[in-house]
Amino acid sequence: MFSVLKERVGEILLPGDEFCCGPQDTLPLTDSGRPERLVAGPGLRRSGDRLLVSRSGVLRHKEPNKFWIESQQRRYVPAKGETVIGVVTAKSGDVFKVDVGGSEQASLSYLAFEGATKRNRPNVQVGDVVFAQLVVANKDMEPELVCIDGSGRANGMGVFGTGGLLIKVSLGLVRRLLAPHSDLRADLEQLFPCELVVGMNGRVWVRAAGVQQTLVLANLLQSCDTMTTPQRQRLFRRVQQGAP
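Residues numbered from 1 in each chain as written. Predicted model: local features only at pLDDT ≥ 70, side-chain atom pairs only at ≥ 80, totals over all residues. Heavy atoms only, no water.

**Description of the packing of helix H3 (residues 183–191) against helix H5 (residues 229–242)**
For the pair H3 and H5, interaxial distance at closest approach is 11 Å and the crossing angle is 5°. Comparing their axes, H5 and H3 come out roughly parallel. Across the interface between the two elements, Asp183, Leu184, Asp187, Leu188, Gln190 and Leu191 from H3 touch Arg232, Gln233, Phe236, Val239 and Gln240 from H5. Of the residues in the contact of H3 with H5, the class split is five nonpolar, three polar and three charged. (Axes fitted to C-alpha atoms, helices over the stretch in contact; angles between N-to-C directions. Helix = DSSP H or I, 4+ residues; strand = E, 2+ residues; numbered from the N terminus. Parallel < 35°, antiparallel > 145°, perpendicular 65-115°, else oblique. Contact = heavy atoms within 4.5 Å. Nonpolar A, V, L, I, M, F, W, Y, C, P; charged D, E, K, R; others polar.)

As C-alpha cells, then:
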C-alpha cells in the first residue's frame, strides 16, 4: 500500500476514498529491521485493514511513513506541544483566560512567564496578544498554555509588542509558511523587511516598517489562501513594481 499511496501524493482525494492495507505493509526504520506501521495523519483514518479518507484535500507525504491530507481547514483542534497565538479575554485569580480559536478557552498561569514570581508578576492585560505553547490539550481537560520552554526561557514566546497586525488564515497556509524551505515566506521577505510570527491555530502576527507595508503584507497573506503558485508570483511582482 505504501507504493500506491506514494503514487497518489499531490493528488486531490475526497471523503470515502480508501486504500487497502495489511500486516505486510510495514517499513524498516532501523538497521535491526524493526518494522514500523504507516502513520495516518489528519484527514486519514485506519479501519481494520483499510485506510479511509475523511477530509477532502491534497495527499501529502513525509519520509519514511507519514501521510496526511492538506486542506483549507480553518477550525483548530488544540494539540499538545503546538505553538499558538492567543488573545487574553479575562483574568481569573492567578490565571488568564486565552482564546486560541478552539472549542473552549485555554488557561495561562501568571507563573508561566520567564522570570515571573509571586512578587514579580508579568504585565498582561485583557486584549493582549500572546505567543504560547500548549502543554495540556485533550478532550477531557481544559487546554493549558505556557510562555516558557523546558529550561524556563521565553524563547520568543510572551506578549507581543505594539505596531503589529493579527490576521487569521487557513491551517493549510500555516503549514506552508512553516515549511523548512517555504517559497511563500521567502517571497514575503523579499517584498518588505518584516517580522512574522505564525501560530499553528491559523493566526499570523505581522509587522513591517510602516502601517501601510504591514497592511499590504496582511492582505497578501490572506489572498494567498486561494491562489496557486503562479498566481501568487504574478501578484507579488505587481506589488513589488508599485511599491515605494
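**What about the confidence of the model for the chain?**
Caution applies to low-pLDDT regions: their predicted coordinates should not be interpreted in detail. Across the chain, pLDDT averages 84, with 92% of residues at or above 70. Below a pLDDT of 50 lies the segment residues 24–34, which in the model reaches 20 contacts outside its immediate sequence neighbourhood of four places, other chains included. (pLDDT = per-residue confidence, 0-100.)

**As for the sheet that holds strand E2 (residues 18–20)**
The three strands are arranged E2-E7-E6 in an open sheet whose pairing can be described as antiparallel. Of all the strands in the sheet, just E2 and strand E6 (44–47) have a single pairing partner and so form its edges. Here the average twist between neighbouring strands, direction ignored, is 20°. Relative to strand E7 (residues 50–53), E2 runs antiparallel, the two being bridged by three bridges. (Pairing = 2+ DSSP bridges.)

**Quick notes on the pairing of strand E9 (residues 66–70)**
Inspection of the sheet shows strand E5 (residues 39–40) paired to E9 by two bridges, in the parallel sense. Looking at E9, one finds that alanine 40 is bridged to phenylalanine 67. Hairpin connection of strand E8 (residues 57–62) to E9: three residues between the antiparallel strands.

**Considerations on the side chain of serine 107**
In this fold, serine 107 is placed in strand E12 (residues 106–109). Those residues in contact with serine 107 that lie beyond four places of it in its chain are Val95, Phe96, Lys97, Glu142, Pro143, Glu144 and Leu145.

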